[in-house]
Amino acid sequence: MERKMNRKERAKQERENRRHNISLLRTIPYPDHQKWWSSETVALVTGANRGIGFEIARQLLLQGVTVILTSRGTEVGEAAAKVLWETGLKVVFRQLDVTSTSSVQTCADWVQQNYGGLDILINNAGVNFNASSENSVEFAEQVIATNYIGTKNMIKALTPLMRPSAAGARIVNVSSRLGRLNGRRNRIGDVSLREPLECVDSLTEEVIDRTVDAFLEQVKDGSWATGGWPQTFTDYSISKLAVNAYTRLMAEKLSDRPEGKKIYINCCCPGWVKTAMTGWEGNISAEEGADTAVWLAFLPDQSVSELFGPFVRKINCEMEKKSCCSGRSCCPSTRAVRPVATPKEEPGVTVKTPKAEDVKPEIITEVEGHHATAAVKVERKEAGNVAAVKKEEAVKVNVGCGGGACN
Ligand code: NDP
């Protein structure tokens, strides 16, 4: 008789299943016939001298594109580039401080002169001054200036340089799930500030800036602690919330570009990653942390247009999948897995669509784009029969979820 697994063994088994599912998901964008990029494709990564940025640059290089590794420090940037050269990856180095508009403009001009434009922009540079669970806003201005304003500086200077192509140019903002607008524990308490950010119809750059400025004002006058701001990593959370909202806003602004001139923008959370930022705590390596941004950068055109705008959670956060909610319209409640296909209808039988939480990673059997097939228990109720019949059935589901600033 088969021995029952104990708790530890079950947890191990679940971890292995999870890893297996993640590895399946990682293969999504790379079948040869879907590769739209070549060595002519030019990508730029900010804050790439170390951590996740370095890994993003390396993984982009492994796919054969031309990569400009940028770093605010010349020495550390050159050293990072040297490491890549030593492994045969011919990266190009350029100094860039995202908080300096002149540095950003000089870099943009250089890209224009040397490459005639850009195809992929990864805004990865970021700072955080909180360790572990401690919370402080001592460096709030610097955190906002780097994470939010720096990202904006890059998008404003480089969007005009994004080259026309059939697949569309890509912008990926490396953000954080700490910046989710409707996270249960870490949300903005002040409804008058939160609501305008929640819906893309009321979302403007001024709305985002006003929120950030209100926060910085309260930091200055010392009232931030009672201002209803996120309770964890407050300044960092606000900076990433602004990044998420700005991504969503830009997705809306860029949405009416004609075919051939599309620019797709998304933001993602890399997970909790062992880098200098987390004091090498975290539960995944920089290599794993980098892959969501790379995946978003390389998505085949038909999938990227579906994903346009949303916040993509790290695939191994909780739901173990990458994906999105569908749209740019306001969707505060659409988190997690959403079944996209209801089970087969039968005459005289009511069929209840499975709930998001029924779709556990380990029951996913097949992945295609950001849809997956899962065997879910489906409830069928025959007319006049009080007892519901539960039956395992494979249904298509939309995996993972986010929802931009609305999430
Ligand atoms: P690191 O601290 O290892 O790397 C941050 C990078 O950003 C460094 O290269 C740093 O350069 C650079 N940087 C900071 N300020 C500037 C600036 N003004 N101009 C240009 N570059 C700058 O952190 P991670 O690799 O962990 O973080 C990368 C991104 O991932 C960040 O945006 C972070 O917020 C995000 N993230 C990370 C998580 C994690 O668990 N690690 C979780 C969620 C999000 P320098 O070496 O000069 O300081």
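In what follows, the structure referred to is the one given above.
Treat the numbers as computed from the prediction; the structure is a model and nothing was measured.

What follows concerns the site of the ligand. The environment of the ligand is formed by 28 residues, the closest being Asn-49, Asn-124, Tyr-236, Val-273 and Thr-275. Here Gly-47 contributes a backbone N or O atom positioned 3.1 Å from an oxygen atom of the ligand. Secondary structure elements with two or more residues in the shell around the ligand: helix H2 (51–62) and helix H8 (234–254). Within the shell around the ligand, the residues separate by chemical class into twelve nonpolar, twelve polar and four charged.

For an α-helix, 3.6 residues make a turn, and residues three or four places apart therefore share a direction. Look at H8: 30 Å from first C-alpha to last across 21 residues, which is about the 30 Å you get at 1.5 Å a residue. Along H8, 19 of the 21 residues are buried, which leaves the element largely enclosed by surrounding structure.

Take helix H6 (residues 191–198) next. Where H6 is concerned, the buried positions are Leu-193, Arg-194, Pro-196, Leu-197 and Glu-198. Buried-residue contacts for H6 involve helix H7 (205–221) and H8.

What follows deals with the environment of Arg-257. Relative to the helices and strands, Arg-257 is located in the loop between H8 and strand S6 (263–268). The contacts of Arg-257, once residues within four sequence positions are left out, are Lys-262 and Ile-263.

Each regular strand carries side chains that alternate between the two faces of the sheet. For strand S2 (residues 66–71), the buried fraction is high: five of the six residues fall into the buried class. Where strand S1 (residues 42–45) lies against S2, four bridges are found, and the strand directions are parallel. Bridge assignment links Val-45 to a residue of S2, and that residue is Leu-69. With H2 bridging S1 and its parallel neighbour S2, the resulting β-α-β unit is right-handed. Pairing between S2 and strand S3 (residues 92–95): four bridges, direction parallel. Residue pairing across strands places Thr-70 opposite Arg-94, the latter belonging to S3. Crossover handedness for the path S2 to helix H3 (residues 74–86) to S3: right-handed.

Now for the packing of aromatic side chains. Here the structure, examined in full by the defined rule, presents seven aromatic pairs. Across the ring face of Tyr-246, the terminal group of Lys-152 is positioned such that the distance to the ring centre comes to 5.9 Å.

On strand S4 (residues 120–123), burial covers both faces: Ile-120 and Ile-122 on one face and Leu-121 and Asn-123 on the other are all buried. Across three bridges, the pairing between S1 and S4 is parallel. From the neighbouring strand, Ala-43 faces S4, where its bridge partner is Ile-120. Relative to strand S5 (residues 169–174), S4 runs parallel, the two sharing four bridges. What sits directly across from Ile-120, in S5, is Arg-170. Viewed along the sheet, the connection from S4 through helix H5 (residues 140–158) into S5 turns out right-handed.

Each value, and the rule that gives it
- Residues numbered from 1 in each chain as written.
- Predicted model: local features only at pLDDT ≥ 70, side-chain atom pairs only at ≥ 80, totals over all residues.
- Heavy atoms only, no water.
- Near = heavy atom within 4 Å.
- Polar contact = N/O pair within 3.5 Å; in protein donor to acceptor, adjacent residues only side chain to side chain.
- Helix = DSSP H or I, 4+ residues; strand = E, 2+ residues; numbered from the N terminus.
- Nonpolar A, V, L, I, M, F, W, Y, C, P; charged D, E, K, R; others polar.
- Expected span 1.5 Å × (residues − 1).
- Buried < 20%, exposed > 50% of the residue type's maximum accessible area, 1.4 Å probe, protein only.
- Contact = heavy atoms within 4.5 Å.
- Pairing = 2+ DSSP bridges.
- Right-handed = clockwise from strand over helix to strand, strands pointing away.
- Phe/Tyr/Trp six-rings, centres within 6.5 Å; stacked < 30°, edge-to-face > 60°.
- Lys NZ or Arg CZ within 6 Å of the ring centre and 35° of its normal.

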